[in-house]
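# Working through the structure, step by step
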Amino acid sequence: MTVMSMMPVSEHEAASRPNEPAIRLLLIEDDESIALEVAEELTSRGYSVTHVENGLLGLEAAQSGRYDLMIVDRMLPELDGLSVIEILRRQKIMLPVLVLSALSAVDDRVNGLKAGGDDYLTKPFAMEELAARLEALLRRPTDSRETVLRVGPLEMDLIERKVFRNGREIELLPREFRLLEYMMRRPGTVLTRTMLLEDVWNYRFVPQTNLVDVHIGKLRRKIDVAGEPALIQSIRGAGFSLRVSD
């Protein structure tokens, strides 16, 4: 087992959160070069990373309750990654899990999510994307284990990646799906453009752009068809909200 201690990203960030504990991340990966690269990158971003190299050691570490987040490779010695996740879920250990895999087929991604993984990233991957996905997992509500979301007449199947309104299937592009998922997890909440840019597009700064408005417009045209009550509301001077009329 390898433990890499927290190293602040910069003096500015360290000073801005002097009393904030490091996020404790468990990395289960048998490829030493990948593990080292991931651990060094995440340590530089403020995580406290513990690395184990096989599934049995990873399961034992995850069961300890010491971690906030877990990255697990799909193919591992001793015990494969999906079995690790399934055992944890049966034990009601709901630690957020990002699955890493060299397998990119849709069925493999679906199997990873059905086993209880929260997100799935195929190898090779960019470190920026890995970090963004981890940040998104940490921001998810604590009740995010559902595989089907429902808000009024809308239904979203997170495994099959399908959306329906009153039984009518709605074809969405990947970004539109992610945007709607974000809104469905927060029904009735006013979502600012800054929130959407940071959490849906993973921007670390807020550019001057109409990106949110353009995508909201496209999503609205698919969700709110003629003759049906509008669900996506524009809140003047604030942002947008997904609301169901009483």
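Structure: see above.
Now for a description of the structure that goes with this document. Not measured: the values here are computed from a predicted model. (Residues numbered from 1 in each chain as written. Predicted model: local features only at pLDDT ≥ 70, side-chain atom pairs only at ≥ 80, totals over all residues. Heavy atoms only, no water.)

## With respect to the overall build of the protein
From N to C terminus, the protein includes nine helices and 13 strands. Considering the protein as a whole, with its 246 residues, one finds that 43% of them fall into the buried category. As displayed, the protein has an accessible area near 12800 Å², and 50% of this comes from carbon and sulfur atoms. (Helix = DSSP H or I, 4+ residues; strand = E, 2+ residues; numbered from the N terminus. Buried < 20%, exposed > 50% of the residue type's maximum accessible area, 1.4 Å probe, protein only. Areas by Shrake-Rupley, 256 points an atom, 1.4 Å probe, with all protein chains shown as cover.)

## Thoughts on the sheet that holds strand S8 (residues 154-157)
What the four strands build is an open sheet, ordered S7-S8-S9-S10; its pairing is antiparallel. On the outer flanks of this sheet lie strand S7 (148-151) and strand S10 (168-170), each paired with one strand and no other. Between one strand and the next, the sheet's axes are offset by a mean angle of 25°, whatever the strand orientation. Sheet analysis places S8 next to strand S9 (residues 162-165), joined by four bridges and oriented antiparallel. Following the sheet pairing, Asp 157 is matched in S9 by Lys 162. Seen against the sheet, helix H9 (residues 211-223) touches S8, S9 and S10 and runs at an angle of roughly 165° to S10. (Pairing = 2+ DSSP bridges. Axes fitted to C-alpha atoms, helices over the stretch in contact; angles between N-to-C directions. Contact = heavy atoms within 4.5 Å.)

## A look at the environment of Arg 24
Relative to the elements of secondary structure, Arg 24 occurs in strand S2 (residues 23-28). Here the alpha-carbon distance between Arg 24 and Ser 48, two residues 24 residues apart in the chain, equals 4.9 Å.

## Considering the packing of aromatic side chains
Any pair of aromatic rings gets described here by the distance separating the centres and the angle formed by the planes. Taken as a whole and assessed by the stated rule, the structure comprises zero aromatic pairs. Over the ring of Tyr 182 we find Arg 186; its NZ or CZ atom is 3.8 Å from the centre of that ring. (Phe/Tyr/Trp six-rings, centres within 6.5 Å; stacked < 30°, edge-to-face > 60°. Lys NZ or Arg CZ within 6 Å of the ring centre and 35° of its normal.)

## Things to note about the pattern of salt bridges
Counted under the stated rule, the structure contains 15 salt bridges. Across the pair Asp 118 and Arg 89 runs a salt bridge, and its minimum N-O distance is 3.1 Å. Placement of Asp 118 in the loop between helix H5 (106-114) and strand S6 (119-122) and of Arg 89 in helix H4 (residues 81-90) is noted, with a sequence separation of 29 residues between them. For Asp 118, a relative accessible area of 9% puts it in the buried group. Of the charged contacts, one joins Glu 176 and Lys 222 as a salt bridge, the two residues approaching to 2.7 Å between their closest N and O atoms. Remark: Lys 222 occurs in helix H9 and Glu 176 occurs in helix H7 (residues 174-184); sequence separation between them is 46 residues. When salt bridges that share partners are traced, they join Arg 165, Arg 168, Asp 224 and Glu 228 into one network. (Salt bridge = Lys/Arg side-chain N within 4 Å of Asp/Glu carboxyl O.)

## Some remarks on the side chain of Asp 73
Along the chain, the position of Asp 73 falls in strand S4 (residues 69-73). Residues within four places of Asp 73 in sequence aside, it is in contact with Ile 28, Glu 29, Asp 30, Gly 81, Leu 100, Ser 101 and Lys 123.

## Points about helix H6 (residues 127-139)
For the α-helix, the turn length of 3.6 residues means that residues three or four positions removed from each other point alike. If you check H6, its first and last C-alpha atoms are 19 Å apart, about what 13 residues at 1.5 Å a residue would give, namely 18 Å. Where H6 is concerned, the buried positions are Met 127, Leu 130, Ala 131, Ala 132, Leu 134 and Leu 137. Buried residues along H6 sit in contact with S2, helix H2 (32-44), strand S3 (47-52), S4, strand S5 (97-101) and S6. (Expected span 1.5 Å × (residues − 1).)

## A closer look at the pairing of S3
Burial analysis of S3 places six of its six residues in the buried class, the great majority of the element. Burial along S3 is two-sided: Tyr 47, Val 49 and His 51 and Ser 48, Thr 50 and Val 52, pointing in opposite directions, are all buried. With respect to chirality, the unit in which S2 leads through H2 into the neighbouring parallel S3 is right-handed. (Right-handed = clockwise from strand over helix to strand, strands pointing away.)

## Re the pairing of S8
Of the two faces of S8, only one is covered, namely that formed by Leu 154 and Met 156; the face formed by Glu 155 and Asp 157 stays uncovered. Once S7 ends, the chain turns through two residues before running back antiparallel as S8, passing Gly 152 with a positive phi of about 55°.

## Things to note about the sheet that holds strand S11 (residues 191-192)
As a general point, the strands of a sheet are linked pairwise by backbone hydrogen bonds and lie either parallel or antiparallel. Pairing in this open sheet of three strands is antiparallel, and the strands run S11-S13-S12 from one edge to the other. A single partner strand is all that each edge strand has here, and the edge strands are S11 and strand S12 (232-235). Of the strand pairs in this sheet, S12 and strand S13 (residues 239-242) are connected by four bridges, and their pairing is antiparallel. Each residue of the ladder has a partner; that of Gln 233, found in S13, is Ser 241. Against the sheet, H7 touches S11, S12 and S13, its axis set at about 75° to S13. Most of the contacts of H9 go to S12, to which it runs at about 145°, and overall it touches S12 and S13.

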